[in-house]
Amino acid sequence: MSAKIENRIWDKDETLCRADLERLQVQRLRETVQRVAQVPFYKQKFAETGITPDSIKSAADVRKLPFTTKADLREHYPWGFLACDPKQVKRIHGSSGTTGKPTFVAYTKNDRDMWANLCARFLVSGGLREDHLCHMAFSYGLFTGGFGLHYGIEKVGAAICPAAGGNTPRHILLIQDLKPDVLIGTPSYALHIAEVARQQGVDPRSMSLRFGHFGGEPWTEEMRTKIEADFDMHAFNNYGLSEVIGPGVSGDCIFRTGMHIQEDHFLVECINPNTLEPVLDGQRGELVFTALTKEAFPLLRYRTRDIAVLDHGKCECGRTTCRMSRVIGRSDDMLIIRGVNVFPSQVEEALLRVDGVAPHYLIEVSRPGTMDEIVVKVEISPQAFSDKMRQMQELKRRIDHEIHSITGIRMGIELVEPQTIERSMGKAVRVVDHRKTQAGLSMPKP
Ligand code: DLL
């Protein structure tokens, strides 16, 4: 790659020695326990188990605390988990849920500042400098990607073109004319930009982009190699989720041997999702995060459902934090389609709203080129089955409308004759994800 990259650290707290880090974690964990003791969900759990801030004597004592799940957030929709005065909430974001309602998350002013600093950390660690111009291809909205990265970039002092999602030819025009140094978005969208550029006769390597920060969806080392070759850029992975903060939970350093978890702000555990017991470094498990410094929405032991591997070994970059591998899979059935989280149950809910549809469907996900495609095969009920084209088109239109209104994305709809979707003897197979075999979602070195 033509651009030079050097190892830089934004915040000295990224290099605390492990003993100091653990002392800080314990002190912050106690403060968090104190803070959430007023949240009804935790108040009740603490009363049942007798937990108080004094119960926390070491970071490992986090295991005395209750887990929090997405279902708990839904049950206490919208603000049951708020841990501050509502007047102190200065930003709201959200992510998709199975009921059509998103789950909301909230930030105080301090949370917002802390978040910008965490994004600045991984951006700088992946080459961002003050004199760079960044091209933002994440959307700005309830999704945390756009705003989260935006303020991180500004914190570093770099410039930003908030181009936002959609309209690929326009992205290409802006990139060619404004000559940004850095591309921010999902990895699949980066590949799509390269593909469309080539179709337009533009070699993406001739573009000015030399660094890329990608996240929001799973990707592979193979995809990284392709993006880097397509653009002649350094491509860095960053990970996060709305419930924990958004982007900024972890990110690559220049050595790219796993993403450094910002452990002074989030306590990480890796557990067996069935037994809930911790797994050792190097073993696959579900990541669980406890917020240590958040004011508005600090969750205890949030079960991400993301499967990854932890590594507490030393990293050459000088950061002392633990690293996580790429996300290898999920311990639930959530799909990520072009960066948007979709649950099969959302599709089911949409289908059940439409008369003439039988409760049999199959969701097929693939990535024929660079972008995810999703097609829902829907069985029509025998009564509605008709060869009148117009009626069938109308049925398709209604299904499309319901799915879009619940998930926010457009899926291909294929109507199939009654009794053609294979029935299962046990758990119904609702999803076939061809991406796993297509891309070879293989594990990089942890
Ligand atoms: O996707 C936050 C984010 C935005 C991270 C932009 C990085 C960049 P949610 O919409 O709540 O938040 O989705 C969170 O996305 O639990 C993972 O399953 C997946 N995910 C996020 N980043 C990565 C990544 C944002 N780098 C869910 N690799 C998470 C794999 C990722 N999966």
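Note on numbering: residues in each chain are counted from 1, in written sequence order. Where local features are concerned, this predicted model is filtered to residues with pLDDT of at least 70; where side-chain atom pairs are given and counted, the filter is 80 or more; whole-chain, interface and lining totals use all residues. Heavy atoms from the whole structure form the basis of all side-chain values; hydrogens and water molecules are not counted.

With respect to the state of the cysteines
What counts here: What counts as a disulfide here is a pair of cysteine sulfur atoms lying within 2.5 Å.
What the rule picks out here adds up to zero disulfides. With no disulfide of its own, Cys 322 lies 8.7 Å from the sulfur of Cys 270, the closest cysteine sulfur.

Quick look at the packing of aromatic side chains
Inclusion rule: Two aromatic rings from Phe, Tyr or Trp, using only the six-membered ring of Trp, form a pair when their centres are within 6.5 Å; if the ring planes differ by under 30 degrees the pair is stacked, by over 60 it is edge-to-face, and anything between is tilted. In this scheme, a residue with accessible area under 20% of its type's maximum is buried, one over 50% is exposed, and one in between is partly exposed, where area comes from a 1.4 Å probe on protein chains only. By definition, being over a ring means that NZ of Lys or CZ of Arg is both within 6 Å of the ring centre and within 35 degrees of the ring normal.
For the structure on display, the rule yields 13 aromatic pairs. With a centroid separation of 5.6 Å and 65° between ring planes, the pair formed by Phe 138 and Phe 143 is classed as edge-to-face. On the basis of relative accessibility, which here comes to 5%, the residue Phe 138 falls in the buried class. One residue, Arg 256, lies across the ring of Phe 236, its end atom 5.9 Å from the ring centre. A cation sits over an aromatic face here: Arg 303 above Phe 67, 5.9 Å from the ring centre.

Some thoughts on empty space enclosed by the protein
The gaps of empty space that remain are located by a probe, the size of a water molecule, rolled over the atoms. Heads up, the rule is: In this analysis the probe radius is 1.4 Å and the grid spacing 1 Å, with only protein atoms considered; a cavity is a set of points the probe fits into but cannot get out of, a pocket is an open set with protein on both sides within 12 Å along at least five of seven lines, and lining residues have an atom within 4 Å of a point. Grid points are joined across faces, edges and corners, and a volume is the space filled by probe spheres set on the points. Each helix corresponds to a stretch of at least 4 residues labelled H or I by DSSP, and each strand to a stretch of at least 2 residues labelled E; elements are numbered beginning at the N terminus. As a working rule, the residues Ala, Val, Leu, Ile, Met, Phe, Trp, Tyr, Cys and Pro are called nonpolar, Asp, Glu, Lys and Arg charged, and the rest polar, with Gly in that last group.
Tallied over the full model, the rule gives three cavities of 30 Å³ or more. Taken as a whole, the largest cavity holds about 70 Å³ of empty space. Every residue along the wall of the largest cavity is listed here: Glu 14, Arg 121, Phe 122, Ser 125, Gly 251, Asp 252, Cys 253, His 260, Gln 262, Arg 319 and Thr 321. A per-element tally of the lining of the largest cavity places helix H4 (residues 109-125) first, with three residues. Of the residues belonging to the lining of the largest cavity, the class tally is two nonpolar, five polar and four charged.

A short note on the domain arrangement of the chain
Here is the rule: Either an automatic procedure or a domain database provided the assignment from which the domain bounds are taken. Residue contacts are defined here by distance: any two heavy atoms, one from each residue, within 4.5 Å place the two residues in contact. The buried area of a pairing is the accessible area, by a 1.4 Å probe, that goes missing from both parts when the two are put together, added over both. We define a salt bridge as a contact between a side-chain nitrogen of Lys or Arg and a carboxyl oxygen of Asp or Glu at a distance within 4 Å. Polar contacts, as counted here, are pairs of nitrogen or oxygen atoms within 3.5 Å of one another; within protein the pair requires one atom able to donate a hydrogen and one able to accept it, and residues that are adjacent in sequence qualify only if both atoms are side-chain atoms.
Domain parsing of the chain yields domain 1 (12-332) and domain 2 (340-429). Just the C-alpha atoms count here: the centres of domain 1 and domain 2 sit 32 Å apart. Each partner contributes to the interface: domain 1 provides 14 residues, whereas domain 2 provides 11 residues. Buried area between domain 1 and domain 2, both sides added, is near 1100 Å², and the carbon and sulfur share of it is 50%. Linking domain 1 with domain 2 are zero salt bridges. Inspection of the domain 1/domain 2 interface yields two residue pairs in polar contact (both at pLDDT 80 or more).

Some remarks on the site of the ligand
We apply this condition: To be near a molecule or strand, a residue needs just one of its heavy atoms within 4 Å of it. Each accessible area is a Shrake-Rupley estimate made with a 1.4 Å probe; only the visible protein chains count as cover when residues are assessed.
Near the ligand you find 21 residues, and of these Gly 216, Asn 237, Asn 238, Ser 242 and Asp 306 are the closest. Here an oxygen atom of the ligand and a side-chain polar atom of Arg 330 are 3.4 Å apart. In the complex, the protein chains occlude 97% of the 610 Å² of accessible area that the ligand would expose alone. Broken down by class, the residue content of the shell around the ligand amounts to eight nonpolar, 10 polar and three charged.

Some thoughts on the environment of Phe 231
Positionally, Phe 231 belongs in helix H8 (residues 221-231). Between the C-alpha atom of Phe 231 and that of Val 202, which follows or precedes it by 29 residues, the distance is 11 Å. With near-sequence residues (within four places) excluded, Phe 231 lies in contact with Leu 183, Ala 190, Ile 193, Ala 194, Pro 204, Arg 205, Met 207, Leu 209 and Arg 210.

Digging into a nonpolar patch on the surface
Operational definition: The patches described consist of residues with a relative accessible area above 30% and no salt bridge, like charges being joined within 9 Å and nonpolar side chains (Val, Leu, Ile, Met, Phe, Trp, Tyr) within 5 Å.
A cluster of nonpolar side chains, contributed by Trp 79, Ile 92 and Leu 142, occupies part of the molecular surface with about 250 Å² of accessible area. By the element assignment, Ile 92 lies in strand S1 (residues 91-95).

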